[in-house]
Amino acid sequence: MIFVGFGFLMTFLKKYGFSSVGINMFIAALGLQWGTLIQGFLHTKGEKIPVDIKSMINADFSTAAALISFGAVLGKTSPLQMLILTVVEVTIFAGNEYLVTEILQATDVGASMTIHAFGAYFGLAVTLVLYRPGLKNKHENEESTYHSDIFAMIGTLFLWLFWPSFNSAIASETIYQLKAIVNTYYSLAACTVVTFALSSLVDQRGKFSMVLIQNATLAGGVAVGTCADMSIHPFVAMCIGSMAGIISVLGFHFLTPFLASKLNIQDTCGVHNLHGLPGILGGIAGIVVTAVKDEVRQGVHFTPGMQAAALGSTIGIALVGGALTGGILKLPFLGQASDQNCFDDSVYWEVPEEEKLHEIHANNYDGPTRFEATM
């Protein structure tokens, strides 16, 4: 999921495939090492840091949050900026995860709140601080092609297939792992059906939109994460997945253009619709389920109050942390590309001669963007 799923999902930009996969690999490799250390320091309290399957999975989780934030600023940052973002975000993520699980003692087995909502709103805060007025009318390279969308669909399929294992990986017992797998599977299935139907409905010509199929079909896995291992029936999981699909599709169709034009939030991959809103839905689902049924894990009784506190603190810490990180990344010596060179691999990569641009045009691109094409 981390290396192939997230990496290929972001290859939709026609001239940014090397960076999407390559920088994704760099962030993942750096983040999992740094996450192992930071989470180990917090949870061992001065003792030796254990390295086992669980610690490696948790380190992967911390890396996932940074990759989600990468999606929000995709094409507009340098590798050095992404290195700094990864180190800072993984550190803040580990602190928030410790607050949620150890202090508030809330449950979030599939990390709807601590990974998806956190990573999305952290990234949105960063991209708001790094706002580029020159990209308000969209860049000519901020577009997909037929082949780049096929590559992105590979990432979608990998994420879809492995999401049940992601949501069940840290479940405390085998029975809870089984529940998480089943609930995630049916939530994803329902979400996918709803996404295909709604994608056709919101299109003026009744056609499917590849951006929606690539992203909104995964929202069910995000939304069911918090309560995936709880005592809910598969039908409830399907309802959660269906709601996530609706929210994600409508978010891409209406909210993303609004955020870009009115709030100066340039969300390249639409992480708000795939991770942010479904993450909040997952947090709310966790509150409702713990209010309706008694949920106990390893002697800890989960309460709706603590679940709500976990959701609120996660979003708050993500926004503040993202804004501060964006301020750091704005420092002029970090090698940020100019507006004209955004979304272009050739700035930081050796690319085949036939793919190189002979000259960089500064003119704005007035055609429909990838997100506007869904409207």
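The structure under discussion appears in the preceding block.
Residue indices follow the written sequence of each chain, beginning from 1 at its first position. Reporting of local features is limited, given that this is a predicted model, to residues whose pLDDT is at least 70; pairs of side-chain atoms are given and counted only at 80 or more, and all residues count toward the totals for whole chains, interfaces and linings. Note: side-chain values were computed over all heavy atoms of the structure, leaving out hydrogens and water.

1. Topic: the environment of Gln340
Now for step 1: Helix and strand definitions follow DSSP, with helices as H or I runs of at least four residues and strands as E runs of at least two, each counted in order from the N terminus. Counting through the fold element by element, Gln340 comes out in the segment after α12 (304–329).
Now for step 2: Relative accessibility decides the category of a residue: with a 1.4 Å probe and only protein chains considered, values under 20% of the type maximum give buried, values over 50% give exposed, and everything between is partly exposed. Looking at Gln340, the relative accessible area reads 36%, which means it is partly exposed.
Now for step 3: Through-space distance from the C-alpha of Gln340 to that of Asn141 is 9.5 Å; in sequence the pair is 199 residues apart.

2. What to know about the nonpolar core
Now for step 1: Grouped together as the largest cluster of nonpolar side chains are 61 residues, with contacts concentrated most on Leu74, Ile115 and Trp163.
Now for step 2: Those elements giving two or more residues to this core turn out to be α1 (5–9), α2 (17–44), α3 (53–72), α4 (79–103), α5 (112–129), α6 (146–168), α11 (271–292) and α12.
Now for step 3: At nine residues, α5 tops the list of elements feeding residues into this core.
Now for step 4: In what follows, residue pairs with any heavy atoms lying within 4.5 Å of each other are defined as contacts. Setting aside anything within four residues of it in sequence, one finds Ile115 in contact with Phe61, Ala64, Ala65, Ile68, Phe93 and Phe166.
Now for step 5: Nonpolar cores were defined as sets of buried Ala, Val, Leu, Ile, Met, Phe, Trp, Tyr and Cys residues, with membership established by side-chain atoms within 4.5 Å. Ala219, Val224, Cys227 and Leu281 belong to the second-largest nonpolar core, a separate cluster that totals 13 residues.

3. A few points about a nonpolar patch on the surface
Now for step 1: Patch construction takes residues with relative accessible area above 30% that form no salt bridge. Like charges are linked within 9 Å, and nonpolar side chains (Val, Leu, Ile, Met, Phe, Trp, Tyr) are linked within 5 Å. Per-residue and other accessible areas were derived by the Shrake-Rupley procedure at a 1.4 Å probe size, with only the shown protein chains allowed to occlude residues. Each reported salt bridge corresponds to a side-chain nitrogen of Lys or Arg within 4 Å of a carboxyl oxygen of Asp or Glu. The grouping of Phe151, Ile154, Phe158, Leu161 and Phe162 at the surface amounts to a nonpolar patch, some 470 Å² of accessible area in total.
Now for step 2: Structurally, Leu161 is set in helix α6.

4. Brief notes about the packing of helix α7 (residues 174–202) against helix α10 (residues 234–262)
Now for step 1: Running from amino to carboxyl end, α7 crosses α10 at an angle of 35 degrees, the nearest separation of the two axes being 7 Å. For α7 against α10, the interelement crossing comes out right-handed. Mapping the contact onto sequence places Val182, Asn183, Tyr186, Ser187, Ala190, Cys191, Val194, Thr195, Leu198 and Val202 in α7 and Pro234, Ala237, Met238, Ile240, Gly241, Ser242, Gly245, Ile246, Val249, Leu250 and His253 in α10.
Now for step 2: For this scheme, ten residues count as nonpolar: Ala, Val, Leu, Ile, Met, Phe, Trp, Tyr, Cys and Pro. Four count as charged, namely Asp, Glu, Lys and Arg, and the remainder, Gly too, count as polar. Of the residues belonging to the contact of α7 with α10, the class tally is 14 nonpolar, seven polar and no charged. Working convention: axes come from line fits to C-alpha atoms, limited for helices to the stretch in contact. Angles between N-to-C directions cover 0 to 180 degrees. In this scheme the crossing of two helices becomes right-handed for a clockwise turn of the near helix relative to the far one and left-handed for an anticlockwise turn of less than a right angle.

5. Side note on α4
Now for step 1: Residue count minus one, scaled by 1.5 Å, sets the expected span of a helix. Taking 1.5 Å of rise per residue, 25 residues should cover 36 Å, and α4 covers 35 Å from first to last C-alpha, within 8% of that figure.
Now for step 2: Positioned one or two residues after α4, Gln105 has a phi angle of 55 degrees, which is positive.

6. Concerning unusual backbone geometry
Now for step 1: In this structure, Ala111 takes a positive phi of about 60 degrees despite not being glycine.
Now for step 2: Here Ala111 is to be found in the loop between α4 and α5.
Now for step 3: Judged by its relative accessible area of 2%, Ala111 falls in the buried class.
Now for step 4: Positive phi, normally seen in glycine, also occurs at Phe343, with a value near 60 degrees.
Now for step 5: Here Phe343 lies in the segment after α12.
Now for step 6: Classification of Phe343 by relative accessible area gives buried; the value is 1%.

7. So, the state of the cysteines
Think of a disulfide as a covalent bridge from one cysteine sulfur atom to another cysteine sulfur atom.
Now for step 1: Throughout, disulfides are identified as pairs of cysteine sulfur atoms within 2.5 Å of each other. Tallied over the entire structure, the rule returns zero disulfides.
Now for step 2: Left unpaired, Cys191 is separated from the closest cysteine sulfur, that of Cys239, by 13 Å.
Now for step 3: By relative accessible area, which is 0% here, Cys191 ends up buried.
Now for step 4: There is no disulfide at Cys269, and the cysteine sulfur nearest it, in Cys342, is 14 Å away.

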